[in-house]
Amino acid sequence: QVQLQESGPGLVKPSQTLSLTCTVSGGSITTRSYYWSWIRQPPGKGLEWIAYIAYSGNTYYNPSLKSRASISRDTSNNQFSLQLSSVTPEDTAVYYCARFVPGTYYPSHADYWGQGTQVTVSS
């Protein structure tokens, strides 16, 4: 059974960088052919996919966030991380990490999720 756990500061000031880490247990983040993703949900809104890092190390970003987002991994600790720069209050959301299974050409759907962590951007 795969488990994912988000961690990081719950409060970030505007213009700063949001940094979160997802720790994975029960499976390796390098196992073919899974994708490791960050998704967020602002209050009262739907889910928004941010980025993934594939088992191979390849990355892909939501075009609307590409200029500010960076996803990376630490294979030794079986972790992957998100950094989102220049945050504003509109970045306030519950942030989730999740494992996605492959589709034909792209990741298809998430089969495992973390519990989510609240991040508030406020001065």
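Look a little higher up for the structure.
Residues numbered from 1 in each chain as written. Predicted model: local features only at pLDDT ≥ 70, side-chain atom pairs only at ≥ 80, totals over all residues. Heavy atoms only, no water.

## Some remarks on the pairing of strand β11 (residues 117-121)
- Burial along β11 is one-sided: Thr117, Val119 and Val121 are buried, while Gln118 and Thr120, pointing the other way, are not.
- Inspection of the sheet shows strand β2 (residues 11-12) paired to β11 by 2 bridges, in the parallel sense. Bridging from a neighbouring strand, valine 12 pairs with valine 121 of β11.
- Of the strand pairs in this sheet, strand β9 (residues 93-102) and β11 are connected by 3 bridges, and their pairing is antiparallel. The partner of tyrosine 95 across the bridge, within β11, is threonine 117. (Buried < 20%, exposed > 50% of the residue type's maximum accessible area, 1.4 Å probe, protein only. Helix = DSSP H or I, 4+ residues; strand = E, 2+ residues; numbered from the N terminus. Pairing = 2+ DSSP bridges.)

## Thoughts on the environment of tyrosine 95
- By secondary structure assignment, the location of tyrosine 95 is in strand β9.
- Tyrosine 95 gets classed as buried once you look at its relative accessible area, which sits at 0%.
- Those residues in contact with tyrosine 95 that sit more than four places away from it in its chain are Glu6, Leu18, Leu20, Ile39, Arg40, Ile50, Leu82, Leu84, Gly116, Thr117 and Val119.
- A distance of 3.0 Å separates a polar atom in the side chain of tyrosine 95 from a polar atom in the side chain of arginine 40. (Contact = heavy atoms within 4.5 Å. Polar contact = N/O pair within 3.5 Å; in protein donor to acceptor, adjacent residues only side chain to side chain.)

## A word on the pattern of salt bridges
- Following the criterion strictly, the structure yields 4 salt bridges and no others.
- The salt bridge partner of glutamate 48 is arginine 40, with a shortest N-O separation of 2.7 Å.
- Residues arginine 40 and aspartate 91 are paired through a salt bridge, measuring 2.8 Å at the closest nitrogen-oxygen approach. Highlighted residues: arginine 40 in strand β4 (residues 35-41) and aspartate 91 in the loop between β8 (79-84) and β9, separated in sequence by 51 residues. Exposure class is identical for arginine 40 and aspartate 91. Each is buried. (Salt bridge = Lys/Arg side-chain N within 4 Å of Asp/Glu carboxyl O.)

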